[in-house]
Amino acid sequence: MIAYLNRRYRFSASHRLHSAEMSEAENRETYGKCNNPHGHGHNYTLEVTVSGPVDRRTGMVCNLVDLDGFVEREVLSRYNLQNLNTMQEFTQIVPTTENLCVGIFEILQRGFAQAHLERVRLEETMMNSFEFSGPNPLRK
Amino acid sequence: MVYLTRKAEFSASHYYHNPEFSAEENRRVFGKCGNPNGHGHNYTLEVTVKGEVDPRSGFVVDLRQLKDIMHREVLDAMDHRFLNKEVPEFFSNIPTTENLAIAIWERLETKLRQARLHRVRVYETPDLFVDFYGEE
């Protein structure tokens, strides 16, 4: 009996979308308002989906305390109230929500072993969201 | 294939306890959820069915029938109940959101006639929800 456990978290961060490989004009053209040199911020909502058989003894896919602890330690405390452009991982790549979504998936993939990581969904605003499921087919 | 999703809400109480565990193990695994007096949630249930659109009615499923089944099989049994004490599935299974999604799937699956059950999603809170797609 495979069940899929979904958990939502929140953090806030700022970023500026700007590519060193593009001219100033091309950056303005590509990123529009998001290219403002002073940056701007979002309240992100992160949705993590893990899956696995339901443990008969606990009734759980994984203990929520473990998942919450991992996400708090490795993701939320890392990004919350930061300027993403100042972080090492975004020195070479643009801190779009696509790239942030993939980055968070990889952190979970590497470090969270208590259940199978299925998907990361990241809402940049109530209107925009991005999903990454690595090698897994995206389940609807 | 078209997918139709119907929502419903119910409120219930539960607690987590495994009689095979020691008191210390129960405390460690279940924490505050182990309080034997229970605590409650407002659950939101989303039932998704799938099927071909009937050319005469334009429906995947008769929504009234689906609502009736959800009411009879789930809400009448679980709304304003203490899951551990009043819902037979949880006399021996722990009423986690995972087990609740599975129990609801099993209650609905055999009762649906026109459309097939695709997914049962149970929100324990807006920030915690479980999806179950049947045996895979």
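Rules used in this analysis
Residues numbered from 1 in each chain as written. Chains lettered and ligands numbered in written order. Predicted model: local features only at pLDDT ≥ 70, side-chain atom pairs only at ≥ 80, totals over all residues. Axes fitted to C-alpha atoms, helices over the stretch in contact; angles between N-to-C directions. Helix = DSSP H or I, 4+ residues; strand = E, 2+ residues; numbered from the N terminus. Parallel < 35°, antiparallel > 145°, perpendicular 65-115°, else oblique. Left-handed = near helix turned anticlockwise from the far one by under 90°. Contact = placed C-beta atoms within 7 Å. Buried ≥ 20, exposed ≤ 12 C-beta atoms within 10 Å, placed from the backbone. Core = buried A, V, L, I, M, F, W, Y, C linked by C-beta atoms within 7 Å. Nonpolar A, V, L, I, M, F, W, Y, C, P; charged D, E, K, R; others polar. Pairing = 2+ DSSP bridges. Expected span 1.5 Å × (residues − 1).

Looking at the packing of helix 2 (residues 63-78) of chain B against helix 4 (residues 97-109) of chain B
All names here are of chain B. Orientation of helix 2 relative to helix 4, taken along the N-to-C sense of each, is 130°, at an axis distance of 10 Å. Put simply, helix 2 runs oblique to helix 4. Along this stretch, helix 2 crosses helix 4, giving a crossing that reads as right-handed. Listed contacts from helix 4 to I69, E73 and V74 of helix 2 are I104, R107 and L108.

Quick notes on unusual backbone geometry
Not every positive phi belongs to a glycine, and L81(A) is a case in point at roughly 60°. Inspection of the secondary structure assignment puts L81(A) in the loop between helix 2 (64-79) and strand 3 (82-83). Look at L81(A) and you get exposed, because 11 C-beta atoms sit within 10 Å. Of note in this structure, H80(B) is not a glycine but carries a positive phi near 60°. Note on placement: H80(B) falls in the loop between helix 2 and strand 3 (81-82).

Side note on the nonpolar core
Core analysis: the biggest nonpolar cluster contains 55 residues, and A3(A), I104(A), A101(B), I104(B) and V122(B) have the highest contact counts within it. At six residues, the largest contribution of residues to this core is made by helix 4 of chain B. Not counting chain neighbours up to four residues away, the residues in contact with A3(A) comprise S51(A), V54(A), V61(A), E98(B), A101(B), I102(B), V130(B) and F132(B).

Brief notes about the interface of chain A and chain B
Taken together, the 16 residues of chain A in the interface contact 19 residues of chain B. The element contributing the most residues to the side of chain A that touches chain B is strand 1 (residues 2-15) of chain A, with seven residues. Per-class residue counts for the side of chain A that touches chain B are nine nonpolar, four polar and three charged. Where strand 1 of chain A lies against strand 5 (residues 128-132) of chain B, five bridges are found, and the strand directions are antiparallel. Residue pairing in the sheet places L5(A) in a bridge with V130(B) of strand 5 of chain B.

Observations regarding the pairing of strand 5 of chain B
Residue and element names in this part refer to chain B. With respect to burial, strand 5 is a largely interior element, four of its five residues being buried. Two elements, strand 4 (residues 116-125) and strand 5, share five bridges in a ladder whose sense is antiparallel. Residue pairing across strands places T125 opposite L128, the latter belonging to strand 5. What sits between the antiparallel neighbours strand 4 and strand 5 is a turn of two residues.

Quick notes on helix 2 of chain A
All names here are of chain A. The end-to-end C-alpha distance of helix 2 is 21 Å, a good match for the 22 Å that 16 residues give at a rise of 1.5 Å each. Residues of helix 2 that are buried include every one of L67, V71, V75 and Y79, and no others. Here the buried face of helix 2 lies against strand 1, strand 2 (40-53), strand 3 and helix 3 (97-111). The positive-phi residue at the C-terminal boundary of helix 2 is L81, with phi of around 60°.

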